[in-house]
Amino acid sequence: IDWEGWGIGLQHQDLALLIAFSSLDQILENRIRRDFGGSVVARSLTLAELFVTAELLRASENHGKHPDLVPALTALGMRARDEWLASAVCVPGDW
């Protein structure tokens, strides 16, 4: 369940939202990853991070929401993009 969009979302989308909104505080982001990411499939979280960062950056650009997060979200999205592209194979069950 996707709490933010009130419907069905990507696997780990809610965790990706927590990570995105904590991206200004690296200690908090690392703690969220550690505490909530124990059983997470890395590729599915990476895909959710790509989606969430794109949505939040679009909301910032189009509606001026969370402008303080833009640099951190951009870095998070670039890191997720690099992780996604570096992975060897796209396995359907991972996302």
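Residues numbered from 1 in each chain as written. Predicted model: local features only at pLDDT ≥ 70, side-chain atom pairs only at ≥ 80, totals over all residues. Heavy atoms only, no water.

(A) Expanded view of the overall build of the protein chain. Counting secondary structure elements, the protein chain contains 4 helices and 0 strands. Listing the helices and strands of the protein chain from first to last along the sequence gives α-α-α-α. Sequence-distant contacts, at least 24 apart, represent 66% of the contacts inside the protein chain between residues at least 6 apart. A total of about 6200 Å² of accessible surface is found on the protein chain, and carbon and sulfur atoms cover 62% of it. (Helix = DSSP H or I, 4+ residues; strand = E, 2+ residues; numbered from the N terminus. Contact = heavy atoms within 4.5 Å. Areas by Shrake-Rupley, 256 points an atom, 1.4 Å probe, with all protein chains shown as cover.)

(B) Molecular detail of the nonpolar core. The biggest cluster of nonpolar side chains holds 14 residues, and the ones touching the most others in it are Leu15, Ile19, Ala20, Leu45, Val52 and Leu56. At the level of elements, α1 (13–21), α3 (42–63) and α4 (70–86) are the ones that each hand at least two residues to this core. The dominant element in this core, judged by the number of residues it contributes, is α1, at 5 residues. Look past the residues within four positions of leucine 56 in its chain and what remains in contact with it is Leu17, Ala20, Phe21 and Leu73. (Core = buried A, V, L, I, M, F, W, Y, C linked by side-chain atoms within 4.5 Å. Buried < 20%, exposed > 50% of the residue type's maximum accessible area, 1.4 Å probe, protein only.)

(C) Spotlight on the side chain of threonine 53. Assignment of secondary structure puts threonine 53 in helix α3. Given a relative accessible area of 2%, threonine 53 falls into the buried group. Not counting the four nearest positions on each side in its chain, threonine 53 is found in contact with Leu73, Leu76 and Gly77.

(D) Focus on the packing of α3 against α4. With their axes 9 Å apart at the nearest point, α3 and α4 run at an angle of 145 degrees to one another. Pair α3 / α4 crosses with left-handed handedness. Facing α3, whose interface residues are Arg43, Thr46, Leu47, Glu49, Leu50, Thr53, Leu56, Leu57 and Ser60, α4 presents Val70, Leu73, Thr74, Leu76, Gly77, Ala80, Arg81, Glu83 and Trp84. (Axes fitted to C-alpha atoms, helices over the stretch in contact; angles between N-to-C directions. Left-handed = near helix turned anticlockwise from the far one by under 90°.)

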